[in-house]
Amino acid sequence: MKRPLLQTLKQLDRLFVRMGRTVREWLGQQPTWPILIAPYRGYGRPNWISLRGRVIKDRRIIKDEVNSTWRALINNYKRFNSREVMGATVHVEVNSEAFTVQTDEEGYFLLERPLKQPVPQPKDQWFNARVHLRETPRRKVDVWAEVPILVPHPQASFGCISDVDDTIMKTDVTSLLKLRVLYHTFLKTADLRQSFSKAAAFFQALQRGMSQQPCNPIFYVSNSPWNLYDLLEEFLALNDLPAGPILLRDFGLPYQDHPEGYLGHKHSSILRIIDTYPNLPFVLIGDSGEQDPYIYEAVAKARPGRIRAIYIRDVRSLRRAKRIRQFIAQTGVDMKLVDNYQQAAMDAAERGLIQETYFQQLNQSGPKN
């Protein structure tokens, strides 16, 4: 019932906003509020890219008071009360090639295209595409943004796909009525959000693998809404977690828009990432708080031979842990239920996924966790 209710409220909110715009147009008033292109990190291959973003009213989110609960509440209200710009034509420049896409009714745009000329392999796995908005259905504008796009290094030995909530960031998703989830979401800034011990060291070790440089790509897939994208990106940087594409979901998309056999946003997004890199195996990381073990088991069955390891962080629930262990035993999937990232790192070192000495070195250097 919660999702249909949220959709209904969103539709009513959008209706009232459009009515207000129509009245102002009748009165001869032109919109003057600033427009923002919110770019989301993309990914791809040298000859193919996937990037997305959103065109919205600039709500002027202030992030300088990082320790202020009041500022967190205001910022998150602005994030969730976004004013999207639908029907805007967005111009995208990628390696001297030009593309155009249009924003949907939620203000999102998506570009997934092959490239005529492959992009040169970037040294740090990232290159920037330029996005330009010249006009909206109601006025002329001149707004630019750059979108980082990940192209994994040719020497990458595997990729890593991780959940966010209660996997790298504490959200207490199993709390009663999810009250603590609401507390974390609305009353904490990125600086006040807590990462888990040794998570940064483990993910940095995975990114480096057995090489001497960080060349394994890291992806983050979550059921959190796109409204929280900038907060999550800031959280990764503040906690020394590797930068990577963050694939979230839009609460406004109805279920009936999905194809038959659709198993959820996370399952679909993970398969799209895996299929983008047919020669690259993957490590999956999640937690036992909700559906990660079942989603990852379905992914492993759908793409046999593509998953090197699956790590599930135990949320410290004896009942859930028992259920997950029974599930692992019944399915026979290669999945490890771990108490912490120290255990995960030791197992990964035995599998030849990371260098144990490098992981220990990162711990001794004291990254923020």
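Residues numbered from 1 in each chain as written. Predicted model: local features only at pLDDT ≥ 70, side-chain atom pairs only at ≥ 80, totals over all residues. Heavy atoms only, no water.

Let us look at the sheet that holds strand 13 (residues 335-338). With parallel pairing, the six strands of this open sheet are ordered in space as 10-9-8-11-12-13. At either margin of the open sheet sits one strand with a lone partner, and together these are strand 10 (246-249) and strand 13. The average undirected angle you get between the axes of adjacent strands in this sheet is 20°. Bridge analysis of strand 9 (residues 218-225) against strand 10 gives three bridges, and the strand direction is parallel. When the sheet's bridge partners are listed, Pro 225 is paired in strand 10 with Arg 249. Sheet strands in contact with helix 6 (residues 265-276) are strand 8 (159-162), strand 9, strand 10, strand 11 (282-287) and strand 12 (307-313), and its direction is about 160° off that of strand 9. (Pairing = 2+ DSSP bridges. Helix = DSSP H or I, 4+ residues; strand = E, 2+ residues; numbered from the N terminus. Axes fitted to C-alpha atoms, helices over the stretch in contact; angles between N-to-C directions. Contact = heavy atoms within 4.5 Å.)

Within this structure, the stated rule accounts for 12 salt bridges. Across the pair Asp 275 and Arg 303 runs a salt bridge, and its minimum N-O distance is 2.8 Å. A residue pair is termed long-range when its members are at least 10 positions apart, and Asp 275 in helix 6 and Arg 303 in the loop between helix 7 (292-302) and strand 12 qualify at 28 residues. Salt-bridge contacts for Glu 297 lead to Lys 301; the nearest nitrogen and oxygen are separated by 2.8 Å. Taken together, the residues Glu 297 and Lys 301, both in helix 7 and four residues apart, mark about one turn of the helix. What emerges from the salt-bridge pattern is a single network uniting Arg 54, Glu 84 and Glu 106. (Salt bridge = Lys/Arg side-chain N within 4 Å of Asp/Glu carboxyl O.)

Ile 168, Phe 202, Phe 203, Tyr 220, Tyr 311, Tyr 341 and Ile 354 are the most contacted members of the largest nonpolar core, which totals 41 residues. Top contributing element to this core by residue count: helix 4 (residues 199-208), with six residues. Each residue touching Ile 354, except ones within four places of it in the same chain, is listed here: Phe 202, Ala 205, Leu 206, Gly 209, Met 210, Ala 345, Ala 348, Ala 349 and Phe 359. The next biggest cluster of nonpolar side chains, apart from the first, holds 30 residues, and it includes Val 221, Ile 274, Ile 295 and Phe 327. (Core = buried A, V, L, I, M, F, W, Y, C linked by side-chain atoms within 4.5 Å. Buried < 20%, exposed > 50% of the residue type's maximum accessible area, 1.4 Å probe, protein only.)

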